[in-house]
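For reference, the chains in residue letters:
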Amino acid sequence: MKKLINDPANYVDEMLDGLCLAHPGLVRVGDDRRAIARSTKMRQGKVGVVSGGGSGHLPLFTGYVGRGLLDACAIGNVFEGPTINSCQDAIAAANGGAGVLCLFGNYGGDKMNFEMAGEFAAMDGVETRTVLGTDDIASAKPEESQKRRGVAGLIFAYKTAGALAEQGARLDEVATIAQKTVDRTRTIGVALSSCQIPGAASPNFTIADDEIEFGMGIHGEPGIWRHKIRPADELVDEMISLILAEKPEGASRVAVLVNSLGSTPFEELFILYRRAAQRLDAAGLTIVNPLIGPYVTSMEMGGASISLCFLDDETESLLAAPAECPFWKVG
Amino acid sequence: MKKLINDPANYVDEMLDGLCLAHPGLVRVGDDRRAIARSTKMRQGKVGVVSGGGSGHLPLFTGYVGRGLLDACAIGNVFEGPTINSCQDAIAAANGGAGVLCLFGNYGGDKMNFEMAGEFAAMDGVETRTVLGTDDIASAKPEESQKRRGVAGLIFAYKTAGALAEQGARLDEVATIAQKTVDRTRTIGVALSSCQIPGAASPNFTIADDEIEFGMGIHGEPGIWRHKIRPADELVDEMISLILAEKPEGASRVAVLVNSLGSTPFEELFILYRRAAQRLDAAGLTIVNPLIGPYVTSMEMGGASISLCFLDDETESLLAAPAECPFWKVG
Amino acid sequence: MAITLATLADAIARANAAMSSLTDVLNAADAKLGDGDTGTMLARLIGTFAAVDVKNAENLGAGFMALAKAGAASTGSSLGTLIITAMMTAGKATAGKAELPWTDLSGLLAAIRYAAMARGKAELGAKTIIDGLDALASGVEGKTDAASAAAAAEKAMDAVLAEFRNRPSAMGRARMFAEKSVGLDDPGMLALAEIVRSLAKTSQHGAKPVA
Amino acid sequence: MAITLATLADAIARANAAMSSLTDVLNAADAKLGDGDTGTMLARLIGTFAAVDVKNAENLGAGFMALAKAGAASTGSSLGTLIITAMMTAGKATAGKAELPWTDLSGLLAAIRYAAMARGKAELGAKTIIDGLDALASGVEGKTDAASAAAAAEKAMDAVLAEFRNRPSAMGRARMFAEKSVGLDDPGMLALAEIVRSLAKTSQHGAKPVA
Ligand SMILES: Nc1ncnc2c1ncn2[C@@H]1O[C@H](COP(=O)(O)OP(=O)(O)O)[C@@H](O)[C@H]1O
Ligand SMILES: Nc1ncnc2c1ncn2[C@@H]1O[C@H](COP(=O)(O)OP(=O)(O)O)[C@@H](O)[C@H]1O
Ligand SMILES: [Mg+2]
Ligand SMILES: [Mg+2]
Ligand SMILES: [Mg+2]
Ligand SMILES: [Mg+2]
């Protein structure tokens, strides 16, 4: 796979430099500058919200640093967790004296590293709480939903937690809304083609020219089935059915994210959204705040995911609160 | 190439339905509903700004309908011009009694169709003016710049013309600023991989696994050279040098667009932007309003383009004026 | 003898019938250097024309205008727009008239050729449908009936295709590959020739002459 | 005889030297079901350790802590974080001490194993480096010097690899392919075994015993 890059060893650092040059609201911080923070000073008394993960998923993770969203973000090499130090750097940057929420995807390495960073932070008197994104319904049964991977739906939790923190809520309140948002968010994806880590000799996975994999993770983790490609409407129907099978009691309004994994163009996302909207309407659900575009990608991977966040009054009003980062602007 | 679509014959209409469902600020208008207009009533006395072209380039063209940008847009099948009727529908929707600017890329079919639509509009007493996007410096020598194709840089003209029209300027003033913006905008692209029209039996063009084409157009039109892939910084240096060779006298500030043609991810765009910013800085140019992302695409085509709009006070202040469409929000 | 609404309706019906075998031929010609859609576009456009109730138009001019209007909704291609331009030009030239003498056909084709040049910003000699129209206008000059006009038209089209075949394209999509276009027919010119041929054939063999 | 800062520095230098041939072996083991980076990660981490001036640390505890700190800046991988956890655990256990008797090594390894389990939320028997640590702790129990500990450690690692080889993975990336992991060594466990082997070899052959 061809890429517009220089030495693969510099891929992440050059990308972060470009990101911060283009968006002066972001700065690189820490010894190895592998954390991104807001360029404005952290407001004292405000709870910090941080995230982190591997590179290669832009706008995730670093692109969501901004007012009403993340205060800082630790970033690793492509598809590798951030180092413990980077996690510490992000937590330190987001410390306004009121504690820091660590909100990231449910991946082993990331969990361990944020946990250790949290222990170091505790030694410095900074309280942290952890909430894990676990929205990928393809990755474990509902009974084991806490084992699920975190994928695109994580950004809804960024938004609600970020908004509540901005309003001056306490750490446990911010953690609670993040957890509630995760608990009410479900994602399912479909992959069409692979991506390749810069410098790697081969793509991350292979898939035949006429096949798709339903439920595949954002690093190519195995999904539910792999078959010949089908019409978009059929796929959307299956995706929406699986998600609605786990609809929380009483939910009648939903936020929707139709996300490109990378190379799937806007045109196709709108074709998917059209059908999703029809199905949700038929199910008696009202859509608020639809997001359609590349929000959580895997470089040039082909495919798309649909995320629903089943709203209640609190999550709905926090999703609508003003926010601004390089890739998402509300209000 | 796999696509998340249904019957290719319905590709454009389903896409437009999804677009308007997701963005209630847009509506489909006209007999065959192949024009997109703002859902708010056209303000009487305001000059209308319309564009148009083939499908497959989202966010272009229809995605730029919104306050301070386009009032309406005619849209054809994938990579085909809009019909004369669709052009008429767009002009009619943008008619506020003060005339309509037709602002679109320099392509034969589009030109003829808008010209005929303009003649029909004239019979109905609607005055139109035409300004053509001609920013692709790879497509003709500077002496024949009026023959150049219109590519990504067209959106700068949308922005300045849309802002001036919003402020209540007259048709000739709006046309003049659009022409000035086009005259001060230069784009050059590099293509890595092809795209395929839905339903077509094969990709639009072919390119070897280790080759890139410098200067290729957004439908795969021939570029300047085709060689083995090179480091991103080298490519950016060549792109920027070519553009700066046509820097208008006295320009010291530039708006920059680093655009993905489709499957080239944000990470690579930021790597390109980093180098572009270095080179512009070295050339004594100040960057304002950098835009980095998929703004003008060719479905899943791989590659990127760099556009510079050399600013003067007037264009700079119009670029900064408030505007809002599904894919671009200013202020 | 003169061209009437019946002549027009009949010609459209014949051209429409001919498209079933011409679509692939013309697509293939366009695919060599263009985007391969000339046949599909033309079939769609002529199909749209065939659906117009031309026979019952108020007069010849109104008939041509109705065709222009219907066509404007169905094509966004260069050739399609040139054909619509042709219909509008014919509509203006025959406005209010019930018929057009065959002797005036050459003048009408010349007017169409000029209008198409203006629309396409194209010159004569660029190897497009315009050179075909030019040859056609000269070819039918002085012909006073359908049969002789048809025979002359067919001959003129054969000649102009042959004349241009080994010249490079300077207009349309093929201009990007000017050298490669040498030896190939221009799809728009070929389309005109094939339509003329299909009309002429039926006309000469007399089954149902176009007049 | 006891473990001192010199022992620690020496062990790191030897492990670092061994990585030059181990990197590819461990990457290959991880590539079978994981992301193929165990060797690269470990080489980077041990290289970072080797750059730390352990010998001149204030005491053994401070030496381990310095390693933990340096490591935290260099890895984001699961195995790397478990190793840093190990260094922190060792640092706490030997805080302020100049040396650790060889007889206490087993207890330290057991403490590390527990800390790693807590960190990785992993159980014994899941076929990870944790089972390797468990075997190692039992193996060196009662050993009073470097040479006997080394021999016992090597034996224990051979045995635990063999014991787990035909069992499925229940942790780490390979858990996604539990059935396929049967017959393959866990890359983390293999890494521990190979490092132990490289330390034991030099120690037993006496060239420069680790003590
Ligand atoms: N500007 C122009 N002037 C004259 N003829 C043109 C022009 N552009 C295209 N043509 C004619 O149209 C033909 C191509 O038709 P078609 O395939 O329908 O158009 P498109 O290029 O839009 O796909 C060309 O072969 C040529 O004869
Ligand atoms: N949660 C865990 N608990 C215990 N050991 C683990 C855990 N996750 C990974 N490991 C160990 O780490 C090894 C993989 O290391 P490495 O390749 O560096 O990590 P990564 O999976 O982050 O690429 C596994 O073989 C296993 O022994
Ligand atoms: Mg064509
Ligand atoms: Mg065409
Ligand atoms: Mg690994
Ligand atoms: Mg790894």
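Residue numbers run consecutively from 1 along every chain, following the written order of its sequence. Lettering for chains starts from A, numbering for ligands starts from 1, and both go in the order in which the items are written. Where totals are concerned, whole chains, interfaces and linings use all residues; where local detail is concerned, this predicted model gives features only for residues with pLDDT of at least 70, and gives and counts side-chain atom pairs only at 80 or more. As a rule here, side-chain values come from all non-hydrogen atoms in the structure, and water together with hydrogens is ignored.

The name an unreviewed UniProt entry assigns to chain C is Dak phosphatase, from the organism Devosia riboflavina.

An unreviewed UniProt entry annotates chain A as Dihydroxyacetone kinase of Devosia riboflavina.

Observations regarding the overall build of chain A
Applied cut-off: Counting from the N terminus, the helices are the DSSP runs of H or I reaching at least four residues and the strands are the DSSP runs of E reaching at least two. Both definitions apply: the radius of gyration is a C-alpha atom measure, and the globule rule equals 2.2 Å times residues to the power 0.38. With a 1.4 Å probe rolled over the protein chains alone, any residue whose accessible area is under 20% of its type maximum counts as buried; one over 50% counts as exposed, and the rest are partly exposed. Contacts are residue-level and defined by heavy atoms, with any inter-residue pair within 4.5 Å sufficient.
Scanning chain A from N- to C-terminus turns up eight helices and 14 strands. At 19 Å, chain A has a C-alpha radius of gyration in line with the 20 Å of a compact globule built from 331 residues. On the principal axes, the C-alpha backbone points of chain A span a range of 55 × 50 × 35 Å. Sorting the 331 residues of chain A into buried and exposed places 66% on the buried side. Put simply, 72% of the contacts in chain A that link residues at least 6 apart link residues at least 24 apart.

Looking at the domain arrangement of chain A
Residues and elements named next belong to chain A. Convention followed: Bear in mind that the domain bounds are from an automatic or database domain assignment. For salt bridges, the criterion is a side-chain nitrogen of Lys or Arg within 4 Å of an Asp or Glu carboxyl oxygen. Polar contacts, as counted here, are pairs of nitrogen or oxygen atoms within 3.5 Å of one another; within protein the pair requires one atom able to donate a hydrogen and one able to accept it, and residues that are adjacent in sequence qualify only if both atoms are side-chain atoms. Gly is put with the polar residues, along with every residue not named as nonpolar or charged; the nonpolar set is Ala, Val, Leu, Ile, Met, Phe, Trp, Tyr, Cys and Pro, and the charged set is Asp, Glu, Lys and Arg.
Taken domain by domain, chain A comprises domain 1 (10-183) and domain 2 (185-330). For domain 1 versus domain 2, the separation of C-alpha centres amounts to 21 Å. On the side of domain 2, 47 residues touch domain 1, which itself brings 42 residues to the contact. The tally of links from domain 1 across to domain 2 stands at four salt bridges. The salt bridge involving Glu-324 is made with Arg-67; its shortest N-O contact spans 3.5 Å. Inspection of the domain 1/domain 2 interface yields 19 residue pairs in polar contact (both at pLDDT 80 or more). For the side of domain 1 that touches domain 2, the leading source of residues is helix α4 (residues 154-166), giving six residues. Residue composition of the side of domain 1 that touches domain 2, by class: 23 nonpolar, 11 polar and eight charged.

A short note on the relation of the copies chain B and chain A
As a reminder, the rule being used: In superposing the copies, a least-squares fit is computed on C-alpha atoms, taking residues whose pLDDT is at least 70 in both.
The transformation that overlays chain B on chain A combines an axial shift of 0.0 Å with a rotation of 180°, and the residual RMSD is 0.0 Å. Viewed as a symmetry operation, the transformation between the two copies matches a two-fold axis. When each C-alpha of chain B is compared by its distance to the rotation axis, B:Ser263 comes out closest, at 2.0 Å. Interface overlap between copies: 100% of the residues of chain B at the interface are likewise at the interface in chain A, consistent with a symmetric, same-surface contact.

Regarding the arrangement of the chains
No other pair of the three pairs of chains in contact has as many contacts as chains A and B. The two units chain B and chain D remain apart, with a minimum C-alpha distance of 20 Å.

Quick look at the UniProt feature "domain: DhaK" (unreviewed entry) in chain A
Rules: UniProt positions are given in the numbering used here, feature names are shortened, and annotations may be inferred rather than shown by experiment.
In the numbering used here, UniProt assigns the "domain: DhaK" (unreviewed entry) feature to residues 7-328 of chain A. The span residues 7-328 of chain A carries 32% helix and 25% strand; its end-to-end C-alpha distance comes to 30 Å.

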